[in-house]
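Residue strings, one per chain:
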Amino acid sequence: MPRVDYTTFDLHPMTMTLGAEIHGVDLGLEVAEDQFNEIRRAFTEFSVIFFRDQHLTPDQHIAFASRWGEINVNRFFKAIDSHPVIAEVRKEPDQETNIGGSWHTDHSYDQVPATGSILYARQVPEIGGDTQFASMYAAYDGLSDGLKRMLEPLRATHSSRHAFGRTAYRIQQYSDDVGDRLGNPDAATQDADHPVVIQHPLSGRKALYVNPGFTIRFSGWSDEESRPLLEYLYRQATKPEYTCRFHWQKNSLALWDNRATWHQALNDYPGQRRLMHRITIEGVPLE
Ligand code: OGA
Ligand code: MN
C-alpha cells in the first residue's frame, strides 16, 4: 500500500529504516513545485529514494539534479565525453574490480561533503549488481546512551588518499583494472575533519558520520586507538535491519543522502556489463 501522506505520487517504503520507491513521476518533464516538494520530503524521510522506468537524456538528468543545488564534479571519476558534469560508473565484462564495492559514504573526505548523488542505470547485468544502503540514523539510534555520550564530542579525520591517491594506484591490480575508470590521483591530498555524530542539515536528526571507506581515525587519537571502536561502530551500522537493497533495472534512478546513509555496490555479476551515470550535488558543512 502506498503511503497516504504523499499525494502527488505513490510512495512505497522499502524497510522500516530507509529507502522508498516512488511511482508516478516522470523526471524527464519539468517536475511541478508541489511534486518536487514532496520528493524532497521523501528524500529527507527515507534517506534514499528510487524511481523506475525513467527515460532521461543527459541534459534531463542534469536538469533534475540542478533542482537540488549546485553540481559537484567529482575529481576522481571519469566523466562521459559529452557532459563533463556526469560521471561514469562502469564495469566491463572483463573487469574484476567494481567502483564503490565496499561500504562507504561518498565525499566524506571533503570538508564540505556532497549532499548526495543521482545515479541512473543505463545498462545493468541480467542478474546481480544490486546496491545496498545503510541508515546512519538507525546506526546512531541503536547505540547505548553511554556510547552516544562518549561519541558526541568526538571528531574524525577522513581522507581520500588510500582510495584515490598514488598509494591506491601502486597496487598493480587496482591500477590495471580500475585505472581507466578513475583518475587524477594527485588530487587526493587533502584530509577532512567532521563530527562523529552530526545533526542532519535537513531532518535535524542525529546520525553517525564515520565510514569504513574514508574515515582514518578519531581526530587526536592514534590509528591503533581508533581502530577497535571504529570497527565496532562499522559492525553495528551494517546490521541487516538498518539496511535496504535495491535491484536495478535499466532506467532505474536512485538519489541518496550521503549524510544519512552508507552504500556499497555488490560485485556479483562477472562477465556482464554495468553502466551508470552519476551526478553529485554540492552539500553544506556538517555540524
Ligand atoms: C557511487 C557508488 C554504487 C553503485 O557511484 O558512488 O558507490 O551501485 N556506486 O554503482
Ligand atoms: Mn559511492
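Asker: So what exactly am I meant to see when it comes to the coordination of the manganese ion (ligand 2) here?
Answerer: The expected angle between donors at a tetrahedral four-coordinate metal is 109.5 degrees. At an octahedral six-coordinate metal it is 90 or 180 degrees. All of the protein donors around the manganese ion (ligand 2) are His104 (NE2), Asp106 (OD) and His263 (NE2); their distances to the metal are 2.1 to 2.2 Å. Counting residues between consecutive donors of the manganese ion (ligand 2) along the chain gives the motif H-x1-D-x156-H. You can see His104 sitting in the loop between strand E5 (87-91) and strand E6 (116-123) and its partner His263 sitting in strand E15 (residues 261-265), a full 159 residues away along the chain. Like His104, the residue His263 is buried in the burial classification.

Asker: Is there a simple way to explain unusual backbone geometry in this structure?
Answerer: Leaving glycine aside, a negative phi is the common case for residues, and trans is the common case for peptide bonds. If you check the backbone angles, Asp53 has positive phi at about 55° while not being a glycine. Mapping Asp53 onto the fold places it in the loop between strand E3 (48-51) and helix H2 (58-66). Backbone geometry at His107 places phi at a positive 70°, although glycine is not the residue there. As for its position among the elements, His107 is in the loop between E5 and E6. When its relative accessible area of 1% is taken as the criterion, His107 is described as buried.

Asker: What's the story with the site of ligand 1 in this structure? I'm lost.
Answerer: All residues in the neighbourhood of ligand 1 are listed as Val89, Gly100, His104, Asp106, Leu119, Thr131, Trp256, His263, Ala265, Arg274 and Arg278. Separating an oxygen atom of ligand 1 from a side-chain N or O atom of His263 is a distance of 3.0 Å. Arg274 places a side-chain nitrogen or oxygen 2.7 Å from an oxygen atom of ligand 1. Alone, ligand 1 offers 290 Å² of accessible surface; in the complex the protein occludes 100% of this. Listed by contribution, the elements that provide at least two residues to the shell around ligand 1 are E15 and strand E16 (274-281). Grouping the amino acids of the shell around ligand 1 by side-chain chemistry returns 4 nonpolar, 4 polar and 3 charged.

Asker: Hey, could you run me through H2 in this one?
Answerer: Given 3.6 residues per helical turn, the α-helix brings residues three or four places apart onto the same face. For H2, the full list of buried residues reads Pro58, His61, Ile62, Phe64 and Ala65. Viewed along the axis of H2, the buried residues span an arc of 165°, placing them on a single side of the element. In this structure, the buried residues of H2 make contact with helix H1 (33-46), strand E4 (71-72), E6 and E16.

Asker: For this particular structure, what's the right way to read helix H8 (residues 223-237)?
Answerer: With 15 residues, H8 extends 20 Å from end C-alpha to end C-alpha; this agrees with the ideal 21 Å at 1.5 Å per step. For H8, the full list of buried residues reads Ser226, Leu229, Leu230, Leu233, Tyr234, Gln236 and Ala237. Close packing links the buried residues of H8 with strand E7 (131-135), helix H3 (136-141), helix H4 (145-151), strand E11 (206-208), strand E12 (215-218) and E15.

Asker: Just checking my understanding: could you explain the nonpolar core for this structure?
Answerer: In globular proteins that are soluble, nonpolar side chains generally tend to be buried together. In terms of nonpolar packing, the biggest core is built from 28 residues, with Leu27, Ile39, Ile49 and Trp68 touching the most fellow members. For this core, the secondary-structure elements that each account for two or more residues are strand E2 (20-23), H1, E3, H2, E6, strand E14 (253-257) and E16. Among the elements that make up this core, the one with the highest residue count is H1 (5 residues). Each residue touching Trp68, except ones within four places of it in the same chain, is listed here: Phe36, Ile39, Arg40, Phe43, Ile118, Leu255 and Ile281. The next biggest cluster of nonpolar side chains, apart from the first, holds 27 residues, and it includes Ala139, Leu143, Leu151 and Ala156.

Asker: What is the right way to read the environment of Asp257 from this model?
Answerer: Positionally, Asp257 belongs in strand E14. Given the relative accessible area of 1%, Asp257 is considered buried. Along the chain, Asp257 and Glu225 lie 32 residues apart, while their C-alpha atoms are 29 Å from each other. When neighbours within four sequence positions are excluded, Asp257 is seen to be in contact with Phe43, Ser47, Thr115 and His200. A polar contact of 2.8 Å, which involves the side chain of Asp257, links it to the side chain of Arg259.

Asker: I tried to follow the packing of aromatic side chains on my own but got confused; where do I start?
Answerer: When we look at a pair of aromatic rings, we describe it by the centre distance and by the angle of the planes. According to the stated counting rule, one finds 14 aromatic pairs in the structure shown. Centroid distance Phe133 to Trp256: 5.8 Å. Interplanar angle 50°. Geometry classified as tilted. Here the residue Phe133 occupies a position in strand E7, and Trp256 occupies one in strand E14, the gap between them amounting to 123 residues. The class of Phe133 is buried, set by a relative accessible area of 0%. Owing to a relative accessible area of 3%, Trp256 belongs among the buried residues under this scheme. Counting every residue linked through ring pairs, the aromatic cluster contains Phe36, Phe43, Phe51, Phe64 and Trp68. The lysine or arginine in question, Arg67, covers the ring of Phe36, its NZ or CZ lying 4.5 Å from the ring centre.

Cut-offs and rules
Along every chain, residues carry numbers that run from 1 in the direction the sequence is written. Chain labels run from A onward and ligand labels from 1 onward, assigned in the order the entries are written. With pLDDT at 70 or above as the cut-off, local features in this predicted model cover only qualifying residues; side-chain atom pairs require 80 or more to be listed or tallied, and sums for whole chains, interfaces and linings still use all residues. Side-chain numbers here rest on the full set of heavy atoms in the structure, without hydrogens or water. The donor definition counts N, O and S atoms within 2.8 Å of each metal and applies 3.2 Å to Na, K and Ca; water is not among these atoms, so some sites may look incomplete. Labels follow the DSSP assignment, with helices taken as runs of H or I lasting at least four residues and strands as runs of E lasting at least two, numbered in each case from the N terminus. Think of it in three bands: residues with accessible area under 20% of the maximum for their type are buried, residues over 50% are exposed, and the middle band is partly exposed, with areas taken using a 1.4 Å probe on protein chains only. Working definition: residue near molecule or strand if any one of its non-hydrogen atoms lies within 4 Å of it. What qualifies as a polar contact is a pair of N or O atoms within 3.5 Å, subject to a donor-acceptor requirement within protein and to the restriction that residues adjacent in sequence count only when both atoms come from side chains. Accessible areas in this description were obtained via Shrake-Rupley with a 1.4 Å probe; residue shielding takes into account the shown protein chains only. Only Asp, Glu, Lys and Arg are considered charged, only Ala, Val, Leu, Ile, Met, Phe, Trp, Tyr, Cys and Pro nonpolar, and every remaining residue, Gly among them, polar. Here the arc refers to the set of directions running from the helix axis out to each C-beta atom. Two residues form a contact once any of their heavy atoms are found within 4.5 Å. The length a helix should cover is 1.5 Å for every residue beyond the first. As used here, the term nonpolar core means buried Ala, Val, Leu, Ile, Met, Phe, Trp, Tyr and Cys residues forming a set that is joined through side-chain atoms within 4.5 Å. Here a pair means two rings of Phe, Tyr or Trp (six-membered ring of Trp) with centres within 6.5 Å. Their orientation is stacked below 30 degrees between planes, edge-to-face above 60, and tilted elsewhere. Working rule: Lys NZ or Arg CZ, within 6 Å of ring centre, within 35 degrees of ring normal, means a charge sits over the ring.

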